[in-house]
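Results of the structural survey
Residue strings, one per chain:
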Amino acid sequence: MFSRALASRLSNAESVTVFTGAGISAESGVPTFRGKEGLWKKFKVEELANFDAFMRDPRLVWEWYRHRMTIVSSVVPNPGHYAIAEMENLFKDFSVITQNIDNLHQRAGSRTVYELHGSIERNFCIGCGRDFPNDATALKEAVPRCDFCSGLIRPDVVWFGELIPGDIWNRSVSAAERAEVFFSIGTSGVVYPAASLPSIAKRAGAYFVEINVEPTELTSKADEFICGKSASVLPRLLSIPHPGHKHGSP
Ligand code: OAD
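Residues numbered from 1 in each chain as written. Predicted model: local features only at pLDDT ≥ 70, side-chain atom pairs only at ≥ 80, totals over all residues. Heavy atoms only, no water.

Here we come to the layout of surface pockets. Empty space among the atoms can be located by rolling a probe the size of a water molecule over them. The calculated volume of the largest pocket comes to roughly 1200 Å³. Forming the walls of the largest pocket are 48 residues, and the residues nearest its centre are A22, G23, T32, F33 and R34. For the lining of the largest pocket, the element with the most residues is helix α5 (residues 58-74), which contributes four residues. Of the residues contributing to the lining of the largest pocket, the split by class is 23 nonpolar, 15 polar and 10 charged. (1 Å grid on protein atoms, 1.4 Å probe; cavity = no way out; pocket = protein on both sides within 12 Å on 5 of 7 lines; lining within 4 Å. Points joined across faces, edges and corners; volume = space filled by probe spheres on them. Helix = DSSP H or I, 4+ residues; strand = E, 2+ residues; numbered from the N terminus. Nonpolar A, V, L, I, M, F, W, Y, C, P; charged D, E, K, R; others polar.)

Written out as structure tokens, the structure is:
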């Protein structure tokens with residue numbers, strides 16, 4: 001399943017960072033973006049998740065996000081999310097960097113989570129910047145508009161061509177650089193700058209482990225590739241003995 005090298009690194013590690021993508025939520029029932037189930041109607045994610053597409057046809061983009069919101073609100077975290085939440089109690093310095101917008105890490109109990117691509121649970125007006133939660137009355141319209149300035153309301157997610165908020169990116173880079181062991185889990189590793197984090201971690205000295213059901217763009221850089229489903233692999237990592245710095249040793 002995994003090597004002695006990984007067991008030894010994890011047993012001695014104080015700083016561990018995990019970087020996740022859509023694959024970690026696949027076993028909760030959230031469809032991934034690429035591969036067989038990737039298309040929604042006939043559209044690729046790149047054709048919907050961008051500002052131009054939204055301005056051209058906000059109704060369509062909203063229809064897609066509502067579809068994903070409905071899925072996300074009806075699913076629950078899986079054993080992979082829970083194992084990651086448990087790992088946070090074992091290591092002195094532990095961070096989750098996620099590309100997912102589904103909030104499942106937080107729902108599983110993870111506390112230090114950097115959401116690179118935003119959250120499907122938040123929305124804001126592109127006119128005045130006001131925030132709108134998903135249950136706001138304005139969100140019930142097919143094309144939601146701001147109650148205050150009539151501007152279009154959009155999901156608070158990072159679209160293609162947009163920048164990851166600077167503070168979240170800087171904290172993510174720092175967590176990658178501090179990591180003694182860096183896991184990349186359930187991501188195809190094709191969307192940048194997120195996909196540069198494993199290289200940043202490795203350059204700074206991390207042991208880079210990839211967990212995926214198939215090889216990806218990142219696999220050639222990995223010190224160890226664990227082929228398997230994250231909900232099966234991650235709970236097994238917890239069996240590696242660890243002093244549990246936070247709660248255990250004096
Ligand atoms: P992708 O859909 O590109 O990749 C999902 C990855 O998960 C693939 O490599 C699968 O092989 C793997 N996978 C599927 N099931 C798995 C399982 N049970 N266990 C482990 N791995 C599994 O999703 P992301 O890499 O997350 O961004 O996509 C990155 C970004 O592209 C997303 O954040 C989103 C999208 O466009 C934006 O919308 C800006």
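Let us now look at empty space enclosed by the protein. All chains considered together, the criterion is met by one cavity of 30 Å³ or more. Looking at the largest cavity, the residues that line it are L10, M87, L90, F91, L237, L238, I240, P241 and H242. In terms of residue class, the lining of the largest cavity is made up of eight nonpolar, one polar and no charged.

Right, let's get into the nonpolar core. In this structure, W62, W64, Y65, F132, I153 and W159 are the most contacted members of the largest nonpolar core, which totals 26 residues. Per element, the largest residue contribution to this core is seven residues, and it comes from α5. Setting aside chain neighbours within four positions, we find I153 in contact with F54, W62, N123, F124, C125, F132, A138, L139, P144, R145 and C146. (Core = buried A, V, L, I, M, F, W, Y, C linked by side-chain atoms within 4.5 Å. Buried < 20%, exposed > 50% of the residue type's maximum accessible area, 1.4 Å probe, protein only. Contact = heavy atoms within 4.5 Å.)

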